[in-house]
Amino acid sequence: MQLLSQDKIDAVRVTSPEGIRPAAEALHRIAMDCGMRVAPAHDIADKRTPVDADGKMLATEVFGWGDEERVWWRNSRIALDSPLTTACRFEGQPFWANAQGFRTREPNAYLASIDIGNFEVRAMTRAAIGVPVHLPFGQIGAVSFNPLDREKTDLSEEFAIYSDAFGLYARTFIATYVQVMGRTQALPPETRLSKREVECLRWAAIGKTDLEISMIMSRSRATVRFHIHNAATKLNAVNRSQTVFKAAQLGYISLQN
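To keep things clear, this report deals only with the structure shown in the data block. Only a predicted model underlies this, so the values are computations on that prediction, with no experimental measurement involved. Sequence order as written defines the numbering, with residues in each chain counted from 1. Local features in this predicted model are restricted to residues whose pLDDT is 70 or higher, and side-chain atom pairs enter the listing and the counts only when it is 80 or higher, whereas totals over whole chains, interfaces and linings include all residues. By convention in this description, side-chain values take in all heavy atoms of the structure and omit both hydrogens and water.

Attention now goes to the overall build of the chain. The helix and strand tally for the chain stands at 13 helices and 5 strands. A total accessible area of about 13600 Å² is found for the chain, and carbon and sulfur atoms account for 51% of it. Elements are defined by DSSP. Helices are runs of H or I of four residues or more, strands are runs of E of two residues or more, and each kind is numbered from the N terminus. Methods summary: accessible areas were calculated by the Shrake-Rupley approach with a probe of 1.4 Å, and residue burial reflects only the protein chains presented.

Below, the structure written as structure tokens:
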């Protein structure tokens with residue numbers, strides 16, 4: 001089997017919403033041929049996972065994760081608590097991990113400081129090859145390749161053979177998925193934040209609470225919450241921090257002190 005080829009790279013490349021599912025199926029076949037199963041995340045800060053053009057979740061529809069395993073993306077704390085997603089914040093190249101720690105081709109002291117206690121519960125796997133996908137505007141995606149043999153804990157051989165290819169395929173799939181879905185889910189051009197919404201976010205960006213902002217602006221606390229909630233809705237943000245981040249991306253506020 002030829003693990004790395006241009007045909008396979010093209011097969012996992014997403015070029016349109018309709019092409020998402022075929023690309024995911026190609027990635028699935030590659031992983032399965034290597035005794036692995038894929039768990040994709042296009043944004044570790046987002047509770048949602050990749051979907052096809054019809055909105056169907058690829059994890060169940062393509063990658064074969066069953067009902068008893070769905071908890072891995074329903075766990076809202078996984079981005080903060082899983083050692084695998086934590087590692088993706090500090091590493092740009094493929095790695096593999098188990099309860100004994102992280103292994104990379106090049107040493108990374110940051111990974112050694114990550115808490116791996118209760119690894120199997122927090123990572124929801126006994127071992128995995130992880131591929132961080134660092135995208136524009138600070139977005140981080142991640143793809144883990146999990147052994148079909150759930151009892152397997154040593155992936156040193158698989159990592160040596162497959163990691164470079166897994167890295168290329170995972171990055172191609174996630175990066176092009178985000179690009180295509182960004183075109184279909186972009187903020188509508190008529191979306192504009194109001195003066196009050198921007199003012200509230202500017203204070204929130206430097207750490208002010210709703211109560212403090214209300215005192216600064218001589219408005220009620222409820223009014224401040226109303227403006228920040230409206231801004232979050234307009235920016236399709238899932239929480240306060242993402243609202244501030246997206247507002248900064250669009251040039252409404254600066255995150256510089």
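Additional details are given in the paragraphs that follow.
With that out of the way, let us pick up the nonpolar core. Side-chain atoms within 4.5 Å are what join buried Ala, Val, Leu, Ile, Met, Phe, Trp, Tyr and Cys residues into a set we call a nonpolar core. In this scheme, a residue with accessible area under 20% of its type's maximum is buried, one over 50% is exposed, and one in between is partly exposed, where area comes from a 1.4 Å probe on protein chains only. Leu-27, Phe-63, Ile-129, Phe-145, Phe-166 and Phe-173 are the most contacted members of the largest nonpolar core, which has 41 residues in total. Mapped onto this core, the elements with two or more residues apiece are helix H2 (20-33), strand S1 (36-41), helix H3 (58-61), strand S4 (127-134), strand S5 (140-147) and helix H9 (156-184).

A few words on the side chain of Thr-172. With respect to the helices and strands, the residue Thr-172 is situated in helix H9. By the convention used here, residues are in contact when the closest approach between their heavy atoms is within 4.5 Å. Sequence-distant contacts of Thr-172, defined by excluding residues within four places in its chain, comprise Ile-9, Val-12 and Arg-13.

The rule is short: rings of Phe, Tyr and Trp, with Trp giving its six-membered ring, pair when the centres are within 6.5 Å, and they are stacked under 30 degrees, edge-to-face over 60, tilted in between. Counted under the stated rule, the structure contains 5 aromatic pairs. Consider the rings of Phe-95 and Phe-102, whose centres lie 5.7 Å apart with planes at 70 degrees: the pair is edge-to-face. For the pair Phe-95 and Phe-102, a shared accessibility class is recorded, and that class is buried. Aromatic side chains Phe-145 and Phe-166 sit 4.0 Å apart centroid to centroid with 5 degrees between the ring planes, which places their arrangement in the stacked category. Remark: Phe-166 occurs in helix H9 and Phe-145 occurs in strand S5; sequence separation between them is 21 residues.

Within the secondary structure, Leu-193 sits in the loop between H9 and helix H10 (195-205). Taking the C-alpha atoms as reference points, Leu-193 and Asn-230, separated by 37 residues in sequence, lie 8.6 Å from one another. Excluding its chain neighbours within four sequence positions, the residues that come into contact with Leu-193 are Val-198, Leu-201, Ala-231, Lys-234, Leu-235, Ala-247 and Tyr-252.

Geometric values such as these leave the question of function open.
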